[in-house]
Amino acid sequence: MRILAIDHGSKRIGIAVSDELKMIAQPLEFVLAEPLADFLARLHELIRDKQVELILVGMPRNMDGSYGPAALKVQDFVAVLKGALTVPIKTWDERLTSAQANRLLIQGNVRRDKRKEKVDKMAAAILLQSYLGSLGI
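Because the structure is a prediction, the values reported are computed rather than measured. (Residues numbered from 1 in each chain as written. Predicted model: local features only at pLDDT ≥ 70, side-chain atom pairs only at ≥ 80, totals over all residues. Heavy atoms only, no water.)

What about unusual backbone geometry?
Using the following cut-off: Helical segments are the DSSP runs of H or I of at least four residues, strand segments are the runs of E of at least two, and each set is numbered from the N terminus. Burial classes: relative accessible area under 20% of the type maximum marks a residue as buried, over 50% as exposed, and values in between as partly exposed (1.4 Å probe, protein chains only).
Pro-35 follows Glu-34 through a cis peptide bond whose omega is -5 degrees. Tracing the chain through its elements places Pro-35 in the loop between β3 (25-32) and α1 (36-50). Positive phi values are uncommon outside glycine, yet Lys-22 reaches one of about 60 degrees. Owing to a relative accessible area of 17%, Lys-22 belongs among the buried residues under this scheme. A positive phi angle, near 55 degrees, is found at Gln-51, a position not held by glycine.

Below is the structure:
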């Protein structure tokens, strides 16, 4: 069984998945945020195909740890997921994951137009790797 991580964005939603041992996060893809029904259909496919046992959703926090407007959007998104899925859902602090993902892609000499396609799934992988590291497996 695997863990699937979601980096929620208003335009694109990044997705990453763990290996079966829950040690390594792998960027998977990004899915357009709208229409939501299409995203949910794709998410159902991924849950089935990857045998997902937990959904991890990145929760944006301010640098001081407080929650801002982006966190409220994610809370609404999580509420929709809970209504549409039977898999448990957990949120995880995602501070600076997109910045880290951009930095890694720049260091890897990924062109700007290609970075846009990759940053969301990379941010989801960074988020997931952070969570996996906390498990102490």
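The rest of the description comes next.
Some details on the side chain of Glu-29
The test is simple: Polar contacts, as used here, are pairs of N or O atoms within 3.5 Å; protein pairs need one atom able to donate a hydrogen and one able to accept it. Residues neighboring in sequence count only if both atoms are side-chain atoms. By definition in these notes, contact holds between two residues if any of their heavy atoms fall within 4.5 Å.
Looking at the secondary structure, you find Glu-29 in strand β3. A polar contact is formed between the side chain of Glu-29 and the side chain of Arg-42, at a distance of 2.7 Å. In contact with Glu-29, not counting residues within four places along its chain, are Ile-13, Gly-14, Ile-15, Arg-42, Leu-46 and Lys-121.

Focus on the pattern of salt bridges
Threshold: Note on definitions: salt bridges are taken to be side-chain nitrogens of Lys or Arg within 4 Å of carboxyl oxygens of Asp or Glu.
Scanning the entire structure with this criterion turns up six salt bridges. Linking Glu-29 and Arg-42 is a salt bridge whose minimum nitrogen-to-oxygen distance equals 2.7 Å. Here Arg-42 lies in helix α1 and Glu-29 lies in strand β3, a separation of 13 residues in the sequence. Given a relative accessible area of 18%, Glu-29 falls into the buried group. Owing to a relative accessible area of 25%, Arg-42 belongs among the partly exposed residues under this scheme. With its nearest N and O atoms 3.4 Å apart, the salt bridge here joins Arg-48 to Asp-49.

Some details on helix α2 (residues 69-84)
To be explicit about the condition: A helix is expected to reach a length of 1.5 Å times the quantity of its residues less one. By definition, the arc is the one covered by directions from the helix axis to the C-beta atoms.
Along its 16 residues, α2 runs 23 Å from first to last C-alpha, staying within 8% of the 22 Å computed at 1.5 Å per residue. Residues of α2 that are buried include every one of Ala-71, Val-74, Phe-77, Val-78 and Leu-81, and no others. Seen along its axis, α2 keeps its buried residues to an arc of 115 degrees; they face one direction. Of the exposed residues in α2, the ones pointing more than 90 degrees away from its buried face are Pro-69, Leu-72, Lys-73, Asp-76 and Gly-83. On its buried face, α2 is in contact with β1 (2-7), β2 (12-18), α1, β4 (52-59) and β5 (89-93).

Observations regarding the sheet that holds β1
Selection rule: When DSSP finds two or more bridges between a pair of strands, those strands are recorded as paired. Fitted lines through C-alpha atoms give the axes, limited to the stretch in contact for helices. The angle between two N-to-C directions lies from 0 to 180 degrees.
Across the sheet, which stays open at both edges, the five strands sit in the order β3-β2-β1-β4-β5 with mixed pairing between neighbours. Because the sheet does not close on itself, it has two edges, and the strands there are β3 and β5. With direction set aside, neighbouring strand axes in the sheet form an average angle of 25 degrees. Its contacts with the sheet place α1 against β1, β2, β3 and β4, and it is angled at close to 155 degrees to β3.

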